[in-house]
Every structure is written in structure tokens, then in C-alpha cells.
Amino acid sequence: MKSSTTETSAAAGRVSRWGNRLLSWKVWGMQWARILATVLATVLFVLAVAVEMDLGQQFLFALACVVMTLLLHRVAGRLATLVMVMLSITTSVRYMYWRITDTLGFHGVLDNIFGYALLFAEIYALSMMLLSYFQSAWPLHRKPAPLPADTTRWPSVDIFIPTYNEPLDVVRQSVLTALQMDWPADRVKVYVLDDGRRQEFREFCEKAGAGYLTRPDNKHAKAGNINAALTKTDGEFVAIFDCDHIPVRSFLQICMGWFVKDKKLAMLQTPHVFFSPDPFERNLDTFRNVPNEGELFYGVVQDGNDLWNATFFCGSCAVIRRTALAEVGGVATESVTEDALTALKMNRAGYNTAYLAVPQAAGLATENLSRHIGQRTRWARGMAQIIRVNNPLLGKGLKLGQRMCYLSAMLHFFFGLPRVIFLTTPLAYLFFHANVFQASAIMVAAYALPHIVLSNLTGSRIQGKFRHSFWNEVYESVLAWYIMKPAMMALIRPKAPQFNVTAKGGIISESYFDWTLARPYVVLLALNLLGVIAGVVSLVLDTGGVDQRFTIVLNLAWTVYNVIMTSASVAVAGEVRQLRNAPRVAVTLPAMVTLPDGRTVACDTSDFSQGGLGLVLPAGVIVPTGMHVSVSVFRNEDEAVFPALVTFSQGSRLGVSFRELTLEQEKELVQMTFGRADTWALTWGSMAPDSPLAALSQISQIGMRGFSLLLRQLRDRTLAGLRRPASVFTKQ
């Protein structure tokens, strides 16, 4: 007898295959069929959104949509995803239609202020959700295109590595791996573009065999640096890497095929991958367990943009056709997000842009929350500038799909004010009894819950591999306060913001709590905790009817959710000590240790870094700390040998630090480690898939940790405050 699970899986498989066959029908290629389907779908959509229902009918409608979505969630395939998207859009637009036609008409000043503020935030959130579906519902999933077998037909490429104030240790790995790329030597040149004009960089480039370019001023920062280099070089294509991004040897072979195939292709972007944790990952201990903030963009959004020929240039890990770049006047200088504006200009000029989701480089993430916020603030300013100086909705040269993709990216950075509104709205009722809905609480639940549930389930379906549920709200809660004002000011005065370099490669010598940055979240957390207390007191003391009590419960639930988000935000401000200047990358490679007496020990690596290796020895083998050894690392038939000092030895675990490597040995080392073609591609998108309930549980636990951290900090500050007057009194 078949189990019910097996039968369910088989049924889901049949539905999936049926859906794929339906989508592949030739009739969809006929214009009349598409028009007929669009008209029919529009009529059904309008009816589903606008038809009036009483409370019972609305609950039945909501229940049917939720059940259908849960069933579709079990079915693989694109058709199931598209139906989920349509159900989500229908329930969300129906909610907003009801919200505008039935719940406004506020009484009193507070009702008006809080009510319309919430309506503004909801319209923004709905707009972003619709744009997000537009971008991501049908990702292109482009594959690498083959190059001609005759290597003499491969084009020439200049590799640019701009730098300003980063230390040489951060830059040298990128330069050495770029020099090792698998490409005809007579058609690739590597240039370090040093806006710091440093002698040690010049000397290093001369020894390594890289070109060294500089200029008399730093006008227009990175964009100006690249533009200046364009006048001194002549490769048909330009590959650009941030100075901390280390490319693998196959980068050009993976990327360049599309340029040979598509003569109108101006730019091809690959993902940004980070081998060190960002402040969220390090401070919350989620590195390699939860997708980070950028993975959604490179895992889902860019693939969706590619379908609409609207891939964004992201400033690094990309290749650009020189003639196309020259036609738009070089890298754009009118915005501090010069990369996105450059891609927009090339699309306007009729060129194609492409995205290849194959990680071919990796770099350092921002070290602390302060730098992270600074980087995101610059992005927000830059996107606001572009809306003013080159609005994607206006002007010639873009198709509708391209306009929508660019608009989505730019509007995204205005999330600050709506997020703060969502974090404070339920307090309006709990503190002041302000009614932000002119409707009963049960009606609000009947309309709002399906909108919330379906949008989260559909988002999890589309993004779950690269973004876990509810994490977006943690990121936005942390950044909202800081990003709100700069984005609005740049919209008003687009020429004011200046480019700021995001520093990389530092350490955090001691753990600390960043009170300055945490202050807004602490205030929001305190307000929401007071809201919970006020709500509970109201429930206990209130003598109103059932609907009033249900209204309190609804606002209490919303406030508790806000407590979880704000307390998790507080946890991010607890900076964890980071002593390693050279982050380690976990990987298992064949290796061998040669001892001073000539004996050898076959083993495996557990991780590598710029300065050393972690090794796993066979059971029973002991190599003492302080011993000088030679370590061999293998790749296929190749062996590279490096002198090293044992710096750690415990059980079968060994840590070695490389000693006095020659430049040639450094090149060999990067070939064996960072430069391996499969170093980053094998782990791309391999994290556990999203489970909304598990994600909420995880964030709740982090929130508890943040709450505990805050209490300890308050206790320590209080004790320090009490001791200080006593010591002063003693001295007197």
C-alpha cells in the first residue's frame, strides 16, 4: 500500500508536468491568444478585486485563496508559481481597494495623521510587492555561452582594479589572481588604478607584472578613476573588480562567450560573493546559515532583470564593451551609484545588458555596522539622484519592462519612512485610541490576513533559496532610521551628495555595543514594550464590547511582532570581536605536510586564508606548535609547496601560517586557493530552503538575545554611573 505522502508527491509531480506542458503550448506564441488571455484575465481580476462580499463571504474567499496557495506551494514548476503570484496580487489589491473605498473618512486629528500615514506606507509596500513580482516571477537563468575554439578570435580585455586608500594586503590577492586568468596572454592586461598614488603599489605592480595607472586628481572618485584609465588603455573590453574582489581563473572564459554571440551586448554582470561575514552575519552568528542581504539581489532580482534586458551594473565583477561605454560618455559621474546609472544609459542607447549567476569572484564584506549603514546610505542617495537626473520612467530608449525594473530598484531605497510607520502604527491605538481603520477589527482581519499570508508564502516560494522569510524586515528595521533622511534630501538636492569609499579589511579588537547606532532601535523597542503593557492593561480593565477587545488583541499582536523585529535590530548593534585580518574560507582539498626530518603526512585542508591553512591530520598524528614544515596543496596533477609554521595544534586539527613566500609562491598559492574556478560556484544558493515558521522562530530567538544584551548594557551603564560619583567623592 502506498503511503499518503508518496501519493501526494506523485500527484504534485503530475500537476507540475501538466503545468509545464501547458506553458509550452505553441498557442502562447500567437498574438491573438495572448490578447484574448489578457482580456479574460483582466475581467476576472477586476471582478475578484471589486465585487462586494459580506463578512462571511469574504472569509470564505480568503480561506479558499489560502488553501489553494498552500496546495500550490507543494507543486514544483513555473505555472504553480505564476498562479500563486496571481492569487497574492488579487488578495492584496482587493485589500487595498477595500481599504481605500471603505476604511477612510477618519474623525479627529490623530486618526487622520496616523490613518493616512499608514495608508501611505501600505501603498508603498504594495507597489514594491507588485514591482518585485514583475521582476522575479520569471527569472531568465542564463547559462554561459561557448567561446570560439580558435583562441585567436577571443577579444582583448583590460582588467581594471581601482583603489584609493585600501592597504596593499587587501589589493595584492586580487591583482595576483587577475594575472593568472585563463586567457591568451597577449590579449589580457591587468591595471591597478591607484587614486592614492602610493609608491609601494607602484613597486608591487612592477614586480608582479601588472600595469600601474594614476592621475593628478581624484575628481569623480571611482568613476573618474576608471574614465581616466580608459584614455590610457585600448582593450576591446574592460573587466572591473573592486580591489578586494578576488576573481577566479575562469572568469573571462565564463563571461566572454555572450559578447561574442551578441554584438549589442554592452555589459555582463556576475554575482558579488563575500567570503567574510557582514555585521549582521557576524553579530547574529548566521554566517553560511541564513542568506545575507545581498543574496536576494544576485540570486533572484538580477536574474529577473535579465529577462527584461535590464541588468544593473554593480561596479565590480563585470565586463563592459569599451565602444558602448565610450558612446555613453564613460562611467557616469552624475550619481554616487555610478554603476547603476551607467547601465541605465547603455540600455537607453539601445545596448543589451546581461547577468550570469555564476560566482566568479569573492570579496570582503563590510566589517562593522557603521560602515554597512554608510554603504547603504550611499546607495540610497545615488538611487534618489538617478530618479532626479535620469528618471527611468521618462525619456526615450527604454522598454516598459526596463523602466519597471529600474523603478523598482530606485523606489526600494525609500523604505525608511514606511518601515518606521509600520513599527509605530499600532501604538496609535494602544496609547491614544486613534482609529487608523474606519472598520471593525474582524473586517480588517478578513481582508488583511489573506493579503499578508499569501504575500509571505509567495515571497518564500520565489525568494526562499536566497532570502529567508521575515529577514527583510530585520534589515529594513536596522537601516530605516539612517536611510530615510539622506534619500529624501538627495531627492530634493540631487547634486549635493558626494561619493564615499566603503573601507574594507579592518579588525574589531574588542566586542562592544554600538550605543550611538542602536539608539533609534532602543527607543522603538521601548515604545513597543510600553505598547504591549498598555494593551494588556486595556484588555484587563476595558469594559468595551467584543469588537473593541478584538481591536486591542489585533494591535497587541502587531506590537509583539514589532518587539521581535526591534529587539533583533538591537542585537545587530552588539559588535562581536573580529581579530582575523584575513578571513578563512572553508574547503576540503588534498594536502600533505612534510616534517623537518623528511617524513610526510597526507591530510586534507579544512579552510584557507591569505596567510595560512587549516588542516585535518589522520588520527594519532601529532605535529607540535612552533614546528617549521612544508605544506603541499594539490589540484588535479599539480602540486604547490609552501614553507609554513605550525601555529595551532589540537588533536587532528592543525593550523599553519605561511612564512616568507616569494612572489611566485604567492601566485601559486592563489591559484590553489582563491583562484580555483569552482571555489564559489559550488556553494552558490546551497543553503537550507526557507521555512517561514522556522525563520520567525529564529528571529524571535535573536530578538531575545538582543533584549538580553540591552539589559546587560543598561545594567553596566547604571553600575558605572553609580561608581563614578563615589570615586570622585573618594578623591576629594
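Keep in mind the model is a prediction, meaning the values are calculated, not measured.

A.B. asks: What should I look at first to understand the overall build of the protein in this one?
C.D. replies: When you go through the protein residue by residue, the secondary structure sums to 23 helices and 19 strands. A compact globule built from 732 residues should have a C-alpha radius of gyration of about 27 Å, and the protein, at 28 Å, falls within 12% of that. Overall, the C-alpha framework of the protein stretches about 90 × 85 × 70 Å when taken along its three principal axes. When the 732 residues of the protein are sorted by exposure, 54% land in the buried category. Restricting the contact set of the protein to residue pairs at least 6 apart, pairs at least 24 apart contribute 78%. Approximately 33,100 Å² of the protein is accessible, and the part contributed by carbon and sulfur atoms is 62%. Separation of charge centres in the protein, based on 68 positive and 55 negative side chains, amounts to 4 Å.

A.B. asks: It is not clear to me how the packing of aromatic side chains should be interpreted in this structure. Could you clarify?
C.D. replies: For any pair of aromatic rings, the description consists of the separation of the ring centres together with the inter-plane angle of the planes. Applying the stated criterion to the full structure yields 23 aromatic pairs. Ring centres of phenylalanine 297 and phenylalanine 312 lie 6.2 Å apart, and the angle between their planes is 25°; this geometry places the pair in the stacked category. Separated by 15 residues along the polypeptide, phenylalanine 297 in helix H12 (residues 295-307) and phenylalanine 312 in the loop between H12 and strand S8 (318-321) bring together distant segments of the chain. Consider the rings of phenylalanine 312 and tyrosine 406, whose centres lie 4.8 Å apart with planes at 35°: the pair is tilted. With phenylalanine 312 in the loop between H12 and S8 and tyrosine 406 in helix H16 (residues 400-412), the pair connects residues that are 94 residues apart, well separated along the chain. Given the relative accessible area of 1%, tyrosine 406 is considered buried. A connected cluster of aromatic rings, assembled from ring pairs, spans Phe275, Phe608, Phe674 and Trp680. Sitting over the face of the ring of phenylalanine 201, arginine 198 holds its NZ or CZ atom 3.8 Å from the ring centroid. The lysine or arginine in question, arginine 717, covers the ring of tryptophan 515, its NZ or CZ lying 4.5 Å from the ring centre.

A.B. asks: Help me out: how do you make sense of the environment of valine 238 in this one?
C.D. replies: In this fold, valine 238 is placed in strand S4 (residues 237-240). Here the alpha-carbon distance between valine 238 and valine 319, two residues 81 residues apart in the chain, equals 5.6 Å. Residues in contact with valine 238, not counting those within four places in the same chain, are Asp158, Phe160, Leu230, Ala318, Val319, Ile320 and Arg322.

A.B. asks: It is not clear to me how a negative patch on the surface should be interpreted in this structure. Could you clarify?
C.D. replies: A cluster of like negative charges, contributed by Asp169, Glu200, Glu203 and Glu206, occupies part of the molecular surface. For aspartate 169, the position within the fold is in helix H6 (residues 168-179).

A.B. asks: Looking at this model, I keep getting lost on the environment of tyrosine 482. Mind explaining?
C.D. replies: Relative to the assigned elements, tyrosine 482 resides in helix H19 (residues 471-492). Residue classification places tyrosine 482 among the buried residues on the basis of a relative accessible area of 19%. Distance from tyrosine 482 to glycine 374, taken between C-alpha atoms, is 8.7 Å for residues 108 residues apart in sequence. Not counting chain neighbours up to four residues away, the residues in contact with tyrosine 482 comprise Ile373, Thr377, Thr516, Leu517, Ala518, Pro520 and Tyr521.

A.B. asks: What am I meant to see in the pairing of S4 here?
C.D. replies: Side-chain direction in a regular strand flips from residue to residue, so the side chains alternate between the two faces of the sheet. Side chains of S4 alternate between two faces, with Phe237 and Ala239 and Val238 and Ile240 buried alike. With 4 bridges joining them, strand S1 (residues 157-163) and S4 adopt parallel strand pairing. Following the sheet pairing, isoleucine 159 is matched in S4 by alanine 239. Sheet topology note: the S4/S8 ladder contains 4 bridges and is antiparallel. Each bridged residue has a counterpart across the sheet, and for phenylalanine 237 the counterpart in S8 is arginine 321.

A.B. asks: Where do I start with the packing of H6 against helix H7 (residues 199-208) in this structure?
C.D. replies: Contact geometry of H6 with H7 gives a least axis separation of 11 Å together with a crossing angle of 25°. Taken together, the axes of H6 and H7 are roughly parallel relative to one another. The handedness of the crossing between H6 and H7 is right-handed. Between H6, through Leu168, Val171, Arg172, Val175, Leu176 and Leu179, and H7, the contact on the second element is made entirely by Glu200, Phe201, Phe204 and Ala208.

A.B. asks: Please clarify how the nonpolar core should be interpreted in this entry.
C.D. replies: As a rule of thumb, soluble globular proteins bury nonpolar side chains together. By size, the foremost hydrophobic cluster in this structure holds 84 residues, and its most contacted members are Phe160, Met346, Leu369, Trp471, Tyr521 and Ile699. In terms of residues, this core owes the most to one element, H19, which gives 11 residues. The contact partners of phenylalanine 160, leaving out residues within four places of it in the chain, are Tyr191, Leu193, Ile226, Ala229, Leu230, Thr233, Val238, Ala239, Ile240 and Phe241. By size, the runner-up hydrophobic cluster in this structure holds 65 residues, among which are Val85, Leu118, Val631 and Val633.

A.B. asks: Hey, could you run me through a nonpolar patch on the surface in this one?
C.D. replies: Taken together, the side chains of Leu110, Phe431, Phe432, Val523, Leu527, Leu530, Ile533, Val536, Val537, Val540 and Leu541 present a nonpolar region at the surface, about 980 Å² in accessible area. At 8 residues, the largest contribution of residues to the nonpolar patch is made by helix H20 (residues 515-541). Assignment of secondary structure puts leucine 541 in helix H20.

A.B. asks: Can you help me understand the sheet that holds strand S5 (residues 246-247) in this one?
C.D. replies: Spatial strand order, S5-S10-S7: 3 strands in an open sheet with mixed pairing. Every interior strand has two partners, whereas the edge strands, S5 and strand S7 (273-274), have only one. Of the pairings in the sheet, the one linking S7 to strand S10 (residues 361-363) comprises 2 bridges and is parallel in character. Considered in S10, the bridge of valine 273 is made with alanine 362.

A.B. asks: Teacher, can you tell me more about the pairing of strand S17 (residues 628-635) here?
C.D. replies: Across 4 bridges, strand S14 (residues 590-594) lies against S17 in antiparallel orientation. In the sheet register, threonine 594 faces S17, and the bridge partner there is serine 630. When S17 meets strand S18 (residues 638-650), the two strands line up antiparallel, connected through 8 bridges. Paired with serine 632 across the strands is valine 641, a residue of S18. Between S17 and S18, which pair antiparallel and follow one another directly, the connecting turn spans 2 residues, one of which, asparagine 636, has a positive phi of 55°.

A.B. asks: Honestly, H19 in this entry has me stumped. Any pointers?
C.D. replies: Because each turn of an α-helix spans 3.6 residues, side chains separated by three or four positions in sequence point in the same direction. Spanning 22 residues, H19 covers 31 Å between terminal C-alpha atoms, matching the ideal 32 Å at 1.5 Å per step. Along H19, the helix axis deviates most sharply at alanine 480, where the bend reaches about 60°.

A.B. asks: Would you mind going over the state of the cysteines with me for this structure?
C.D. replies: Formally, a disulfide is one covalent bond, and it connects the sulfur atom of one cysteine to the sulfur atom of another. The final tally for this structure, using the stated rule, is 0 disulfides. In this structure cysteine 205 is a free cysteine whose sulfur lies 12 Å from that of cysteine 243, the closest cysteine sulfur available. Here cysteine 317 is not cross-linked by a disulfide; its sulfur's nearest cysteine counterpart is in cysteine 314, at 8.9 Å. In this structure cysteine 317 comes out as buried when scored by relative accessible area, which is 0%.

A.B. asks: Mind showing me how you'd approach the sheet that holds strand S9 (residues 352-355) here?
C.D. replies: Remark on secondary structure: sheet strands pair via backbone hydrogen bonds, oriented parallel or antiparallel. The strand order S3-S2-S1-S4-S8-S6-S9 describes an open sheet built from 7 strands, whose pairing is mixed. A single partner strand is all that each edge strand has here, and the edge strands are strand S3 (211-213) and S9. Neighbouring strand axes in the sheet, compared pairwise and without regard to direction, differ in orientation by 25° on average. Against the sheet, H7 touches S1, strand S2 (188-194) and S3, its axis set at about 155° to S3. Packing of helix H8 (residues 221-230) onto the sheet brings it into contact with S1, S2, S3 and S4, and relative to S1 it is tilted by some 145°.

A.B. asks: In this structure, what is going on with the packing of helix H4 (residues 78-102) against helix H5 (residues 109-136)? I would like to understand it.
C.D. replies: Helix-helix packing is described using two parameters, namely the angle between the two axes and the distance between the axes. Running from N to C, H4 and H5 cross one another at 160°; their axes reach a closest spacing of 11 Å. Put simply, H4 runs roughly antiparallel to H5. The hand of the H4/H5 crossing is left-handed. Counted together, Val85, Ser88, Ile89, Ser92, Tyr95, Met96, Arg99 and Ile100 of H4 and Gly115, Leu118, Leu119, Glu122, Ile123, Leu126, Met129, Leu130 and Tyr133 of H5 form the full contact between these two elements.

Rules used throughout
Residue indices begin from 1 for each chain and proceed along its sequence in written order. Since the coordinates come from a predicted model, pLDDT governs what is reported: local features require at least 70, and pairs of side-chain atoms require 80 or more to be given and counted, while whole-chain, interface and lining totals use all residues. Excluding hydrogens and water, the side-chain figures rest on all heavy atoms present in the structure. Strands are runs of DSSP state E lasting at least 2 residues, helices are runs of H or I lasting at least 4, and numbering of each runs from the N terminus. Values of the radius of gyration come from C-alpha atoms, whereas the globule rule sets the reference at 2.2 Å times the count of residues to the power 0.38. Accessible area is worked out with a 1.4 Å probe on protein chains only. A residue is then buried under 20% of its type maximum, exposed over 50%, and partly exposed in between. Note on definitions: a residue-residue contact is assigned when non-hydrogen atoms from the two residues lie within 4.5 Å. In these tables, accessible area is a Shrake-Rupley quantity obtained with a 1.4 Å probe, and a residue counts as shielded only by the protein chains included in the view. Only four residue types enter the tally: Lys and Arg on the positive side, Asp and Glu on the negative side; His and the chain ends are excluded. To locate a charge, take NZ of a lysine, CZ of an arginine, CG of an aspartate or CD of a glutamate. Any Phe, Tyr or Trp ring, taking Trp's six-membered ring, that has another such ring centre within 6.5 Å forms a pair; planes under 30 degrees apart are called stacked, those over 60 apart edge-to-face, and the others tilted. The rule for a charge over a ring is simple: NZ of Lys or CZ of Arg within 6 Å of the ring centre, and within 35 degrees of the ring normal. Every patch collects residues that have over 30% relative accessible area and no salt bridge, joining them within 9 Å if they carry like charges and within 5 Å if they are nonpolar side chains (Val, Leu, Ile, Met, Phe, Trp, Tyr). Counted as salt bridges are all cases of a side-chain nitrogen of Lys or Arg within 4 Å of a carboxyl oxygen of Asp or Glu. Any two strands with at least two DSSP-identified bridges between them are counted as paired. Lines fitted to the C-alpha atoms define the axes, with helices restricted to the stretch that makes contact. Angles between their N-to-C directions range from 0 to 180 degrees. Should an angle fall under 35 degrees it is taken as roughly parallel, and over 145 as roughly antiparallel, whereas 65 to 115 is taken as roughly perpendicular and any remaining angle as oblique. We call a crossing left-handed when the near helix sits turned anticlockwise from the far one by less than a right angle, and right-handed when that turn is clockwise. Among buried residues, the Ala, Val, Leu, Ile, Met, Phe, Trp, Tyr and Cys ones that are joined through side-chain atoms within 4.5 Å form a nonpolar core. Residue count minus one, scaled by 1.5 Å, sets the expected span of a helix. Two axes enter the bend calculation: one fitted to the seven residues ending at the residue in question, the other to the seven starting there, and the bend is the angle between them. The disulfide definition used here is simple: a pair of cysteine sulfur atoms within 2.5 Å.

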